[in-house]
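Residues per chain are reported as follows:
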Amino acid sequence: VKPCPGRAFLRTAVIRMGGRNMIVIDKEKCIGCGLCVADCPAEKLTVEAGKAVYTPECIQCGHCVAVCPRAAVSIPEYDMTDVEEYDRKTFTVDPAVFLRAVKFRRSIRNYKEESISREVLGRILEAGRYTATAKNRQACRFIVLQEELPAFRKYLWEQMPELAEAMKETAPHYSMMFKFMYRRQRKDPKDDPLFFNAPACIFIAADNLLDGGLAAANIENMAVAEGAGVLYSGYIQRITEGWKPLKDWIGIGDTPVACCMLIGYPAVTYKRTAPRKKADITWR
């Protein structure tokens, strides 16, 4: 632990590792309650002489920031202006309302000819940014195609015959399916069995596929809250992941494509929830 120079020496303990400030504990605010110690998943905090002390190295999960009753902890590497104070009145979500929202969600295959503003898309992607990730790596990348979606769509269909032929030996079912889709789309360009006239598409790239899937779920929930709708496109995800020219076009590189989501404002209104099978639950 290296103290900061000047007055900061009296007020804060600044933890440096690899040249970066990791955690700052304001000594004047810290009351030594130990809540951060008890909640630290990496067990890197202790209380000494009535003040919280950090031991390198942590995963910067932010639990110490979130649990501190005096707002004494900060992580300078992050934008601390993003941190919001807890307010039960605005935080609580009615369980019945939330479950109803889950039951009403639908995969959208018919969209309005209306783009989603950058502001709205930004709020939707915030739900992905704040989603939990393994070891707090926060390594998901979000690539949004809206203005360039027509160009990508055109390029994908141009690549389809070669892709389908290349998959003939390793994935014959998909090869046959993609050849059928290609013939159908070429017969009637307005009949697009992949993009469904969606105005935008979100790719999530992540080494940990579960991280990408969790982010996608929160993104969809936020999209619905904004009046939009989503279709998880396993076909586009598999096509893009399996064909390097498409990944290069998007700029994903070697990172796996965890998810592809078509997004836009639904052109269809559903009047009720859809039925489902009984849940397969084992109670032990």
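Structure's up top.
Keep in mind that this is a model prediction, so the values were computed, not measured. (Residues numbered from 1 in each chain as written. Predicted model: local features only at pLDDT ≥ 70, side-chain atom pairs only at ≥ 80, totals over all residues. Heavy atoms only, no water.)

Novice: Quick one: what's the story with a nonpolar patch on the surface, residue by residue and with numbers?
Specialist: Among the surface-exposed residues, Val-93, Phe-98, Leu-99 and Val-102 lie close enough to one another that they form a single nonpolar patch of about 370 Å² accessible area. Checked against the element boundaries, Val-93 lands in the loop between helix 4 (88-91) and helix 5 (95-104). Its relative accessible area of 53% is what places Val-93 among the exposed residues. (Patch = residues over 30% accessible without salt bridge, like charges linked within 9 Å, V, L, I, M, F, W, Y side chains within 5 Å. Areas by Shrake-Rupley, 256 points an atom, 1.4 Å probe, with all protein chains shown as cover. Salt bridge = Lys/Arg side-chain N within 4 Å of Asp/Glu carboxyl O. Helix = DSSP H or I, 4+ residues; strand = E, 2+ residues; numbered from the N terminus. Buried < 20%, exposed > 50% of the residue type's maximum accessible area, 1.4 Å probe, protein only.)

Novice: Kindly report on the layout of surface pockets, identifying the contributing residues and their values.
Specialist: It is the rolling of a water-molecule-sized probe over the atoms that shows where space remains empty. Roughly 1700 Å³ of internal volume is contained in the largest pocket. Lining the largest pocket are 41 residues, and of these Ala-66, Asp-82, Val-83, Glu-84 and Tyr-130 lie nearest its centre. Mapped onto the lining of the largest pocket, the elements with two or more residues apiece are helix 3 (63-67), helix 4, helix 5, helix 6 (118-129) and helix 9 (209-225). Broken down by class, the residue content of the lining of the largest pocket amounts to 22 nonpolar, 9 polar and 10 charged. Its boundaries defined by the atoms lining it, the second largest pocket holds a volume of some 270 Å³. Lining of the second largest pocket is provided by 14 residues; of these, Phe-104, Ile-108, Val-224, Pro-266 and Tyr-270 occupy positions nearest its centre. Secondary-structure elements contributing two or more residues to the lining of the second largest pocket are helix 5 and helix 9. Grouping the constituent residues of the lining of the second largest pocket by class yields 8 nonpolar, 3 polar and 3 charged. (1 Å grid on protein atoms, 1.4 Å probe; cavity = no way out; pocket = protein on both sides within 12 Å on 5 of 7 lines; lining within 4 Å. Points joined across faces, edges and corners; volume = space filled by probe spheres on them. Nonpolar A, V, L, I, M, F, W, Y, C, P; charged D, E, K, R; others polar.)

Novice: Let's hear about the side chain of Gln-60: which residues, and what values?
Specialist: Counting through the fold element by element, Gln-60 comes out in the loop between strand 5 (51-54) and helix 3. Given the relative accessible area of 9%, Gln-60 is considered buried. Looking at Gln-60, its side chain comes within polar contact range of the side chain of Glu-77, at 3.2 Å. (Polar contact = N/O pair within 3.5 Å; in protein donor to acceptor, adjacent residues only side chain to side chain.)

Novice: Go over helix 7 (residues 149-166), please, and point to the residues and values.
Specialist: Think of an α-helix as 3.6 residues a turn; residues three or four steps apart then line up on the same face. The end-to-end C-alpha separation of helix 7 is 24 Å, in line with the 26 Å expected for 18 residues at 1.5 Å each. Roughly 45° is the biggest bend found in helix 7, and it falls at Met-160, with proline Pro-161 one to four residues downstream. For helix 7, the complete set of buried residues consists of Leu-149, Phe-152, Leu-156, Trp-157, Gln-159, Met-160, Leu-163 and Ala-164. Its buried side turned inward, helix 7 meets strand 7 (141-145), helix 8 (172-187), strand 8 (200-205), helix 10 (234-242) and helix 11 (244-250). (Expected span 1.5 Å × (residues − 1). Bend = angle between axes of the 7 residues up to and from the residue. Contact = heavy atoms within 4.5 Å.)

Novice: Tell me about the packing of helix 6 against helix 9, and please be specific about residues and values.
Specialist: Relative orientation of the contacting elements helix 6 and helix 9 amounts to 150°, with a least axis distance of 7 Å. Both helix 6 and helix 9 take part in a crossing whose hand is right-handed. On helix 9, the residues that touch Arg-123, Ile-124, Leu-125, Ala-127 and Gly-128 of helix 6 are Ala-215, Asn-218, Ile-219, Met-222 and Ala-223. Within the contact of helix 6 with helix 9, the residues separate by chemical class into 7 nonpolar, 2 polar and 1 charged. (Axes fitted to C-alpha atoms, helices over the stretch in contact; angles between N-to-C directions. Left-handed = near helix turned anticlockwise from the far one by under 90°.)

Novice: Break down empty space enclosed by the protein for me, citing the residues and quoting the values.
Specialist: Counted by the stated rule, this structure contains 2 cavities of 30 Å³ or more. Forming the walls of the largest cavity are 17 residues, and the residues nearest its centre are Ile-23, Cys-40, Cys-58, Cys-61 and Cys-64. Every element with two or more residues in the lining of the largest cavity is listed here: helix 2 (35-39) and helix 3. Counted by class, the lining of the largest cavity contains 12 nonpolar, 3 polar and 2 charged residues.

Novice: Residues and numbers for the nonpolar core, please.
Specialist: Residues Phe-152, Leu-156, Leu-194, Phe-195 and Phe-203 are the most contacted members of the largest nonpolar core, which totals 31 residues. Counting residues per element, the ones that place at least two in this core are strand 7, helix 7, helix 8, strand 8, helix 10, helix 11 and strand 10 (257-264). Ranked by the residues each element gives to this core, the list is headed by helix 7, at 7 residues. Every residue in contact with Phe-152, bar those within four places of it in the chain, is listed here: Leu-145, Phe-195, Phe-203, Thr-240, Leu-246, Trp-249 and Ile-250. (Core = buried A, V, L, I, M, F, W, Y, C linked by side-chain atoms within 4.5 Å.)

As far as function goes, none of this settles anything; it's purely spatial.
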